[in-house]
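Observations on chain architecture
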Amino acid sequence: LEALLLTAEQNRGHSLLALGRVEEAETCFTGVVAQGGWTARWQGLVSLAAVAEQRGQYQRALELLDEALALADTAPTPSAAQVLRLYVVGNLANVHLACGDTASARQEACTALDIAVQTANRDQFIEGLLTLGVCQRLCGTLGESRQSLESAARWARMSCDKGREALAWAEMAHTLNEMGRYDEARTLAKNALQQSIATGTRRAELAAQLALSTGYLRAGFAHDAHYHAAQAWEISAHLGQPIAQATALVTLGEAHLAREDRAQAREAFTPAREMAEAIGAQLPAIQASLALAQLDAAVDVTNLVQETAHIAVPALRWPVLLEDARRREHRGDLAGATASYTEAITVLTTLRQALQQEPTGDTYLEYRLAWEPYLGLARIYRLQGQDAEAARVVQEAEWPPLAQLEEEAV
């Protein structure tokens, strides 16, 4: 009976956590750790690590996971120890991802998937696919990301897990946005939003709102983008997760910029950066810092260039290089601008090559901002009288709208 009560308390804690009631969830998990035996103790510790992660207390989360992993030495059976390791590794992947260490997160997610197969744990297999799909998107392997997230959605559907299915479709919408497939992304995100609301899955609802905002923004619908960004901010504020709040504020700031409201954009980006830097969430911190640099020429981007050189996130790398190139060009440093534009194009080429095997082919340049490195480099070559080189840059992009713009610029 006692074991059943502890299991019920553990499940109640997870339900509360999913609803954003973090303090109540923590109380449940603390009680499980204090009162339970070997199994209940490690499960409670892993759950407390999830609470710490949601609060942005990443060092505390790692400490709790280490404490849980130490219990593997006293496991009653080898299979029980393997299950413990599965949950620890899965949560480690989430912590690394939150900190911006995408390479480690991807490795941990792959390990979790392997153990999930060995232990026939379908729930953690789905979670592993979700984490892996997000890591693959950030690392620039967009086709692989789409496949992983589609698999996660299908496995969740077979498990009658509508909440995780909605989350998988919402994350897949983010991947489609990154590919430039905005119509598909919006349709998928709308369906995910409806399903997440129906199931009360707030993290899926947040992901869907963010995907909708980005999809509308990149397709040129600023008003719709702002609406969904505002909804995402409200959800993140309710959940009380600093990284979610910082991410939502960045998205809201971008929507303000699209509506040419620079003052409100700054009011969103500034606390986003402060919040992200306070918890060590590297990705939203870089996004907010770049946005503030674009608003204020006095803000230095040198650190951002260095930071993005050390993280495996090409979708952040090329916009930072673009801003650096623009600044160098503006102050007459054409050699430096040429180098930064060229490196940005190299990053874009890698991203685009990853899409060549997709059914729709390479659609990355549907994101019009990604045209700028090509146009900037061609512009510098023209200024230096190297018209043949300018034509080569545009031709090698293999994107007809660029050729038309280049012709108009000549």
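The following paragraphs examine the structure supplied in this document. Just so it is clear, the model here is predicted, and its values are computed rather than measured. (Residues numbered from 1 in each chain as written. Predicted model: local features only at pLDDT ≥ 70, side-chain atom pairs only at ≥ 80, totals over all residues. Heavy atoms only, no water.)

1. Observations regarding the layout of surface pockets
Put simply, the second largest pocket is a space of about 340 Å³. Taken together, 17 residues line the second largest pocket, and the ones lying closest to its centre are Thr 349, Arg 352, Tyr 374, Glu 396 and Ala 397. Elements represented by at least two residues in the lining of the second largest pocket include exactly α18 (334-353), α19 (372-383) and α20 (387-397). Top contributing element to the lining of the second largest pocket by residue count: α18, with 6 residues. Across the lining of the second largest pocket, the residue classes tally to 7 nonpolar, 5 polar and 5 charged. (1 Å grid on protein atoms, 1.4 Å probe; cavity = no way out; pocket = protein on both sides within 12 Å on 5 of 7 lines; lining within 4 Å. Points joined across faces, edges and corners; volume = space filled by probe spheres on them. Helix = DSSP H or I, 4+ residues; strand = E, 2+ residues; numbered from the N terminus. Nonpolar A, V, L, I, M, F, W, Y, C, P; charged D, E, K, R; others polar.)

2. Here's the deal with the packing of α19 against α20
Where α19 meets α20, the axes come as close as 7 Å, and the angle between the chain directions of the two elements is 165°. The angle between α19 and α20 places the two elements in the roughly antiparallel class. The way α19 lies across α20 gives a crossing that is left-handed. Packed against α19, whose contacting residues are Tyr 374, Leu 377, Ala 378, Tyr 381 and Arg 382, the element α20 presents Asp 387, Glu 389, Ala 390, Arg 392, Val 393, Val 394 and Ala 397 at the interface. When its residues are assigned to classes, the contact of α19 with α20 shows 8 nonpolar, no polar and 4 charged. (Axes fitted to C-alpha atoms, helices over the stretch in contact; angles between N-to-C directions. Parallel < 35°, antiparallel > 145°, perpendicular 65-115°, else oblique. Left-handed = near helix turned anticlockwise from the far one by under 90°. Contact = heavy atoms within 4.5 Å.)

3. A word on the environment of Tyr 227
Along the polypeptide, Tyr 227 turns up in helix α12 (residues 222-239). Placed 173 residues apart in sequence, Tyr 227 and Gln 54 show a C-alpha to C-alpha distance of 25 Å.

4. As for the pattern of salt bridges
Tallying each qualifying case throughout the model produces 28 salt bridges. In this structure, the salt-bridge partner of Asp 183 is Arg 186, at a minimum N-O distance of 2.7 Å. Of this pair, Asp 183 and Arg 186 both sit in helix α10 (residues 182-199), 3 residues apart, which is roughly one turn of that helix. On the accessibility criterion, Arg 186 (11% relative accessible area) is buried. Across the salt bridge formed by Asp 333 and Arg 328, the nearest N and O atoms sit 2.9 Å from each other. A residue is classified by how much of its surface remains accessible, and Asp 333, at 26% relative accessible area, is partly exposed. Salt bridges sharing common partners tie together Arg 146, Glu 150, Arg 154, Arg 181, Glu 184 and Glu 358. (Salt bridge = Lys/Arg side-chain N within 4 Å of Asp/Glu carboxyl O. Buried < 20%, exposed > 50% of the residue type's maximum accessible area, 1.4 Å probe, protein only.)

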